[in-house]
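Summary of the model geometry
Okay, here's what each chain looks like letter by letter:
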Amino acid sequence: MKRFFIIIFLINLLNLAAEEINLAKITFEGVNLKKKKKTFQESESKSKFNIAFSSILPHDGIYRITDEVTGKEAIIQIGYYMTKTPPKTLYLPDYLFSFLANAYEKKIDKVSLKLQFLGWAKTESESDFLNIQSLVISPENAATKIVENGDNQYYIQLGSYEYYQNSFPKITEMLPFLEVRPNFYMMRYQMKKNNQDILVYRVLAGPYDKNIAKKLLKVIHSTRDKTVFMKSGKTILKEENP
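Rules of the game
Residues numbered from 1 in each chain as written. Predicted model: local features only at pLDDT ≥ 70, side-chain atom pairs only at ≥ 80, totals over all residues. Heavy atoms only, no water. Salt bridge = Lys/Arg side-chain N within 4 Å of Asp/Glu carboxyl O. Helix = DSSP H or I, 4+ residues; strand = E, 2+ residues; numbered from the N terminus. Buried < 20%, exposed > 50% of the residue type's maximum accessible area, 1.4 Å probe, protein only. Phe/Tyr/Trp six-rings, centres within 6.5 Å; stacked < 30°, edge-to-face > 60°. Lys NZ or Arg CZ within 6 Å of the ring centre and 35° of its normal. Core = buried A, V, L, I, M, F, W, Y, C linked by side-chain atoms within 4.5 Å. Contact = heavy atoms within 4.5 Å. pLDDT = per-residue confidence, 0-100. Pairing = 2+ DSSP bridges.

**Describing the pattern of salt bridges**
- All told, the structure shown has 6 salt bridges when counted by the stated rule.
- Notably, a salt bridge pairs E29 with K110, separated by 3.4 Å at the nearest N-O pair. In this pair, E29 sits in strand β1 (residues 28-32) while K110 sits in the loop between α3 (94-101) and β6 (111-120), placing the two residues 81 residues apart along the sequence.
- The partly exposed category is assigned to K110, whose relative accessible area is 45%.
- As a salt-bridge pair, R188 and E140 come within 3.1 Å of each other at their nearest N and O atoms. One end of the pair, R188, is in strand β9 (residues 183-193); the other, E140, is in helix α5 (residues 139-149), with 48 residues separating them in the sequence.
- The exposure class assigned to R188 is partly exposed, which follows from its relative accessible area of 22%.
- With relative accessibility at 55%, the residue E140 sits in the exposed group.
- What you see here is one network of salt bridges that share partners, running through R202, K231 and E239.

Structural data, given as structure tokens:
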């Protein structure tokens, strides 16, 4: 019986390899891991950022997932292989599934997801490097931490998001350009959109010395994104909305 499932797995993997050329055309079905009667690698789920489980996606692959309906995004890391699971089913941890499902007006039991391959977490250090959640300073604590860091510290603003978790793909993309491993402060701001007040979160990497922030900004502007800019802690706190 075990041999049968191994053969099925290999067939699924070969099928995916054939489709991997255009992974964006495949729609995966995201399901809450809590719905699975058996708990899979509970320790792995707790020790790694956004661990997800699949019967065909290779172990330690890092993917960006996007909800086809709402556009909400997250980064996942694939855990060990599971047999007896439909090839395009993706089991998500409860908190991540809830993050996606809360955007719907009605209760849902699955989400339609598009995947984009980002890379591999082949070693513990690489896996830890992609643990974005451990670097994030939540909106409730961001202002206090920036005050503690001091007015003379500088931060690089990576963008603004209605859901701050949507910034994780951007953070992952920018990490190699930020040299030292910064924290990411999620600061609340009120802004106008279609003549309505909405709350957004500005994502600020830091803290940095002013000269270092200038150097990093120059590199980013020359190679990546000219919408990224720097701000002092003093300026950030002045602009903050409760």
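**Looking at the packing of aromatic side chains**
- In this structure the tally under the stated criterion is 2 aromatic pairs.
- Seen in terms of ring centroids, Y63 and F117 are 5.4 Å apart; in terms of plane orientation they differ by 65°. Their pairing is edge-to-face. Taken together, the residues span a long stretch of sequence, with Y63 in strand β3 (residues 61-67) and F117 in strand β6 at a distance of 54 residues.
- Residue Y63 is classed as buried on the basis of its relative accessible area, which comes to 1%.
- When its relative accessible area of 31% is taken as the criterion, F117 is described as partly exposed.
- A ring pair is formed by Y155 and Y185, whose centres lie 5.4 Å apart and whose planes are at 85°; its orientation type is edge-to-face. Here Y155 is found in strand β8 (residues 154-161), whereas its partner Y185 is found in strand β9, with 30 residues between them in sequence.
- Here the basic side chain of K72 rests over the ring of F99, its NZ or CZ set 3.9 Å away from the ring centre.
- Just above the ring of Y189 sits the side chain of R202; from NZ or CZ to the centre is 3.9 Å.

**Things to note about the nonpolar core**
- Judged by nonpolar contacts, the single largest core of 24 residues is most densely connected at I156, L158, I171, L178 and F184.
- Apart from the residues within four sequence positions on either side, F184 is in contact with L135, V136, I137, L158, I171, L175, L178, V203, L204 and A205.

**Focus: the confidence of the model for the chain**
- On average, residues of the chain score 77 in pLDDT, and 76% of them reach the 70 mark or higher.
- Taken together, the stretch residues 1-21 has pLDDT below 50 and engages in 16 contacts with residues farther than four places along the chain or on a different chain.
- For the stretch residues 124-129, pLDDT sits under 50, and the model shows 8 contacts to residues farther than four places along the chain or on other chains.

**Description of the pairing of β3**
- In terms of residue burial, β3 counts as a mostly covered element, since 6 of its 7 residues are buried.
- Looking at chain direction, β3 and β6 are connected through 7 bridges and run antiparallel. Of the residues in β6, the one forming a bridge with I62 is G119.
- In this sheet, strand β4 (residues 73-78) lies alongside β3 in antiparallel orientation, the contact comprising 5 bridges. The residue bridging Y63 from the neighbouring strand is I76, located in β4.
- Turn length for the β3-β4 hairpin, with the two strands adjacent in sequence and antiparallel, is 5 residues, and the turn residue G71 shows positive phi of about 85°.

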